[in-house]
Structures are given as structure tokens and as C-alpha cells.
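Listed below are the residues making up each chain.
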Amino acid sequence: MRDDLLPVLACPVCAEPLARVADGSVGCATGHRYDEAKQGHLTLLPAKRRALTADTPAMVDARVRFLGRGHYRPVERALAAVVADATAPGVVLDVGSGPGTYLAHALDAVADDAAGGADAPDPDGRRGPAPAGAVAARLGVALDLSAVAIRRAARVHARAGAVVGDVTERLPVVDDAAAVVLDVFAPRNQREYARVLHPAGVLAVVTPRPGHLAELAEATIAVDPEKERRLHDSLTPSFALRSSDDLTWTMDLTAEDVHDVVHMGPSHHHVDPDQAFAPTTVTAAVTVSTWTPAG
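Residues numbered from 1 in each chain as written. Predicted model: local features only at pLDDT ≥ 70, side-chain atom pairs only at ≥ 80, totals over all residues. Heavy atoms only, no water.

Undergrad: Help me understand the pairing of strand β10 (residues 178-184), please; the structure alone is not making it clear to me.
TA: Along any regular strand, the residues point their side chains to alternate faces of the sheet. Buried residues dominate β10, accounting for seven of its seven residues. Pairing geometry for strand β5 (residues 91-95) and β10, over five bridges, is parallel. For V91, the partnering residue across the bridge sits in β10 and is A178. Where β10 lies against strand β11 (residues 197-208), six bridges are found, and the strand directions are parallel. Each residue of the ladder has a partner; that of V184, found in β11, is V206. (Buried < 20%, exposed > 50% of the residue type's maximum accessible area, 1.4 Å probe, protein only. Helix = DSSP H or I, 4+ residues; strand = E, 2+ residues; numbered from the N terminus. Pairing = 2+ DSSP bridges.)

Right, dumping it as C-alpha cells:
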């Protein structure tokens, strides 16, 4: 874990900021201590929490393979643009990050040079000037309940740290620490997002729309037609909608791609692991919405 990210993180017991106390160990001023994993991540789970199901190794491997082939690049571009335009101080916090793929692309949206003089790569790897007003060398934190996913996220980007945490409870992050909070197909925690987000920050949420992966309906979980209403209800009154963009594209998937997109999400728990798939063209349909703190 980068030492400059530790003050952003909060002790899950007393909520005090963390700091390095020894090689491989961090702690708070109250005296609580946490060992750093050999992969570089921290586990900051509350002492008492609900039993939740985290992504399995098979799910994480499928997600890494599928996203690594660029099938969700429109989402990566949209989130990178949000981060590139952000001007509030703070980190990019990816809640429910999985292996950190989206966070890595988002961090590449800002310059590597802390003075802001370097050019920034766009999501396709081409280099160009950093957007006017963008904060250079933005740091990021990946947060997920799955230790398997976080082990991957700990190595996904030089400017990212990774934490095993419960996204449904108090987040192990200090107040106003995030310039941008990313929530991509993840549970939402309105109260905690409002607490950790800087007053001038932005929340970016990606949700599936009806028709998403429709060609794979027999093997995937159907999208709730009330998804948009439930999204609004889950974020108000703490947040106000700033923008909403519907993205639709087609993906020509191999049999392996179909297997991976089915098994990288909750459908994994409901599909026969030995089920064979055929190559097919599949529709992706998502909404990328941005929200700002209300009041």
C-alpha cells in the first residue's frame, strides 16, 4: 500500500486515519493495527458485519479475461472522462471494484506528472494533453469484499491502493476524501457515498438497462425493469442527478467470451459450470449517470 494513500483510509474500529507504523503494518492513533498482505493490500473489515457472498476466484478470473479483451471499453471511456473532468481534491474511490480494471483506466485519464505538465493517455493508450482543470497524478483506491479480487486490484495500477472492505457498511475511508466515487454494477451505499465524497466531487454509477445481454437471457439474470427508479431512490435525497447517458453497443463474442461474461457476475451462481456456449453477437445496454452531493 502506498504510504500517501494511508491518511485517506480509516480504521474500521474507531474511524481514525491510518498511518504506517512499521514495515508491513499500519495503524491508527488509537492503537488498532492491521497487517499489510504480501500483495500490498489491506483488509479493513468491521468486527461485526453481515455474512455476504464475495466474488469467487472463478468469477474474478472470468472478469479479468473478459474486460481485458476490451468488450466494455465504452464504459471505460465514459468513466475515464468523468475522472478527467473532475476538479475536486481527493482520490478516485472505486466501490465494489472487483479486480480494479475500471479504476486503472480512470486513473490513466489524468497526467502522471504531479505538476500537471505531462501528457495523459486516453483509454485507447494514445497520449494527449490533460484536460484543462484536471488534477494531475490522481490516486485511487479499489474497495471490494472479495479478497481474491483485491489481490488483483493491488497490482492493477502504480497509483492505486486496494482494500478488502464491506461496501454495505461504513466504508474504511475518511470524510470528504474522494473527488470521484465509481460504482459499476455494484451495491450502492447512499449515506457512505455522501460522507466520503468531497462536497465538489462527483459520483459515477453504471447500471444495466433492459436489453443488456438479452441474447444470453437463458444464462444471465434479467435486468429489473424498475432499475432506473430504484437507482434514483437509492441515491436521493443525498445526491442530485447531474447527467445520464445511455450506452448501447454490440459485441461479437467467442464461446470463451460468452462463458466469461456469464460467469463474471451473479449469474455464475445459477449456471452449470460445465455448460457449453456458442459464439454469438450480444447487445450491451447500460446507463452511466453522474450525481453531485445535494445541498
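Undergrad: I tried to follow the packing of aromatic side chains on my own but got confused; where do I start?
TA: Ring pairs (aromatic) are described by centroid distance and by the angle formed between their planes. One pass over the structure, following the stated rule, counts three aromatic pairs. Summarising the aromatic geometry, the rings of F66 and Y72 are spaced 5.4 Å apart at their centres and angled 85 degrees between planes, so their arrangement reads as edge-to-face. The exposure class of F66 is buried, given its relative accessible area of 0%. A relative accessible area of 2% means that Y72 is categorised as buried. A centroid spacing of 6.0 Å and a plane angle of 90 degrees characterise the contact between Y72 and W249, whose relative ring orientation is edge-to-face. With Y72 in the loop between α1 (57-68) and α2 (73-85) and W249 in strand β12 (residues 239-253), this residue pair connects regions lying 177 residues apart in the sequence. Here a set of aromatic residues connected by ring pairs shows up, and it is made of F66, Y72, F185 and W249. (Phe/Tyr/Trp six-rings, centres within 6.5 Å; stacked < 30°, edge-to-face > 60°.)

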